[in-house]
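Descriptive structure summary
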Amino acid sequence: MTTPIRIDLVSDTATRPSPGIRQAMAEAKVGDEQRGEDPTTNALCERVADMLGQDAAMFLPSGVMCNHVAMAVHCEPGDEIIAAEKCHIWSSEGAGAAVFCGSLIRSLPTEDGVFTAEQLKGAINQRKPKAPRSRLVHMEQTVNRGGGTVWPLATVQSVAEIATANGLKIHMDGARLLNAVVASGVSARDYGSPCDSVWLDLSKGLGCPFGGVLAGSRAFMDEAWRWKFRFGGGMRQSGMMAAAGLYALDNNIDQLASDHDNARLFAELISQIPGIALEFEETATNLVFFNITGTGLSTDDVSDALEKRGIRIGCESDTCMRAVTHMDVSRADIKEAAAALKEITSDGDTHNRAAE
Ligand SMILES: *Cc1c(COP(=O)(O)O)cnc(C)c1O
């Protein structure tokens with residue numbers, strides 16, 4: 001029998017809907033979303049469009065669908081999307097850019113997923129017919145596989161300026177945009193308004209069961225609705241889910257700061273464990289990547305041993321793990337998870353020395 005997971009650091013999607021969210025869902029006023037008649041969904045979309053400094057927004061079942069709809073609106077076959085190496089649209093979305101848009105993702109090398117306006121400028125293809133047409137620049141806020149790094153506002157603005165000057169559209173994957181807002185004190189509107197399309201996820205740190213809200217100009221949204229229907233993303237009484245989103249926007253943004261504090265604490269505690277090395281110097285938000293090569297154990301060994309204690313941390317590779325904090329893990333949980341890692345890896349040390 002497997003041990004139930006008590007402390008789940010595998011992702012910030014591991015949150016369970018709180019009593020407040022469940023109550024908001026139960027009481028939601030609903031209608032047919034596809035006809036624009038669901039009042040709660042409409043309220044959520046208006047709210048998010050305003051937050052992000054955009055004309056309008058649509059509710060979609062997932063963040064991945066937000067990215068796919070946006071890329072499909074902006075790009076055609078033969079186009080190129082300029083993004084950072086290891087971005088989510090490249091690593092984790094079933095190659096949607098290739099499948100739905102016939103477009104390439106050109107990935108720029110970066111330390112932490114934040115590239116500069118100069119890098120973008122150097123990468124844009126001149127309009128030679130034999131080159132792919134550079135069409136879209138993509139920024140991930142915060143950078144998932146960049147250790148939760150926040151794109152600084154000045155960088156967002158300078159990248160957007162170069163993109164616009166060269167006829168490229170600007171898309172922001174805002175899966176953790178509100179983490180960036182809480183960590184930096186910059187408003188969502190300031191991050192969002194330089195973009196042609198931008199979305200935020202309800203199912204990550206905000207604690208909703210699912211959903212993303214994609215915002216853009218009126219013209220963008222007209223095309224986006226075609227793709228939403230085409231992908232089967234038109235919904236019906238989606239107000240039940242939108243109510244969860246509205247509740248989360250009212251109640252769950254400020255607590256992201258404690259997720260960030262917990263991530264920093266976890267990073268600090270595990271950085272003292274022999275054989276464990278943090279992959280990123282700074283813990284800016286709620287993601288902690290760490291390398292365990294020095295312990296002599298594999299990530300599978302560590303993960304199995306943690307799971308026996310009811311703790312889950314994700315394996316990124318044979319050598320790297322990722323811990324994600326969220327509202328369902330407490331400070332005490334963080335201390336327990338770090339202590340468990342220490343115990344497991346020092347056992348491993350003994351075991352390895354004995355084996356040599
Ligand atoms: C989780 C995530 C997504 C996808 O969001 P879902 O709501 O899970 O589909 C997209 N981009 C990034 C950076 C993510 O972390």
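This text gives an overview of the structure that appears in the document. The model shown is predicted, which means the values in this text are computed figures rather than measured ones.

1. Description of the overall build of the protein
Looking only at helices and strands, the protein features 14 helices and 13 strands. Over its C-alpha atoms the protein spans a radius of gyration of 21 Å, differing by no more than 12% from the 21 Å that the globule rule assigns to 356 residues. Out of the 356 residues in the protein, the part that is buried amounts to 54%. Long-range contacts, defined as pairs at least 24 residues apart, comprise 75% of the intrachain contacts of the protein with a sequence gap of at least 6. Entry remark: accessible area of the protein is about 15400 Å², with carbon and sulfur atoms responsible for 49%. With 33 positive and 47 negative side-chain charges, the protein shows a spacing of 4 Å between the two charge centroids.

2. Considerations on the site of the ligand
Around the ligand, the surrounding shell holds 14 residues, and the nearest of these are Gly63, Val64, Asp173, Asp201 and Lys204. A distance of 2.9 Å is found between an oxygen atom of the ligand and a side-chain nitrogen or oxygen belonging to Arg176. In the complex, the protein chains occlude 88% of the 380 Å² of accessible area that the ligand would expose alone. Listed by contribution, the elements that provide at least two residues to the shell around the ligand are α3 (63-74) and β7 (197-201). Of the residues belonging to the shell around the ligand, the class tally is 3 nonpolar, 5 polar and 6 charged.

3. Quick word on the pattern of salt bridges
Across all of its chains, the model carries 16 salt bridges by this definition. Among the ionic pairs, Arg47 bridges to Asp250, the shortest N-O distance being 2.9 Å. Of the two residues, Arg47 is situated in helix α2 (residues 39-51) and Asp250 in helix α11 (residues 239-251); the sequence distance between them amounts to 203 residues. Classification of Arg47 as partly exposed rests on a relative accessible area of 30%. Assessed through its relative accessible area of 54%, Asp250 is described here as exposed. Arg145 is the salt-bridge partner of Glu316, the closest N and O atoms lying 2.9 Å from each other. Of the two residues, Glu316 is situated in the loop between β12 (314-315) and β13 (320-324) and Arg145 in the loop between β5 (133-140) and α7 (153-165); the sequence distance between them amounts to 171 residues. Overall, Arg145 belongs to the partly exposed group, its relative accessible area being 23%. When salt bridges with common partners are traced through the structure, they connect Asp32, Arg35 and Arg236 into a single cluster.

The rules behind these values
Residues numbered from 1 in each chain as written. Predicted model: local features only at pLDDT ≥ 70, side-chain atom pairs only at ≥ 80, totals over all residues. Heavy atoms only, no water. Helix = DSSP H or I, 4+ residues; strand = E, 2+ residues; numbered from the N terminus. Rg over C-alpha atoms; globule rule 2.2 N^0.38 Å. Buried < 20%, exposed > 50% of the residue type's maximum accessible area, 1.4 Å probe, protein only. Contact = heavy atoms within 4.5 Å. Areas by Shrake-Rupley, 256 points an atom, 1.4 Å probe, with all protein chains shown as cover. Lys, Arg positive; Asp, Glu negative; His and termini not counted. Charge placed at Lys NZ, Arg CZ, Asp CG, Glu CD. Near = heavy atom within 4 Å. Polar contact = N/O pair within 3.5 Å; in protein donor to acceptor, adjacent residues only side chain to side chain. Nonpolar A, V, L, I, M, F, W, Y, C, P; charged D, E, K, R; others polar. Salt bridge = Lys/Arg side-chain N within 4 Å of Asp/Glu carboxyl O.

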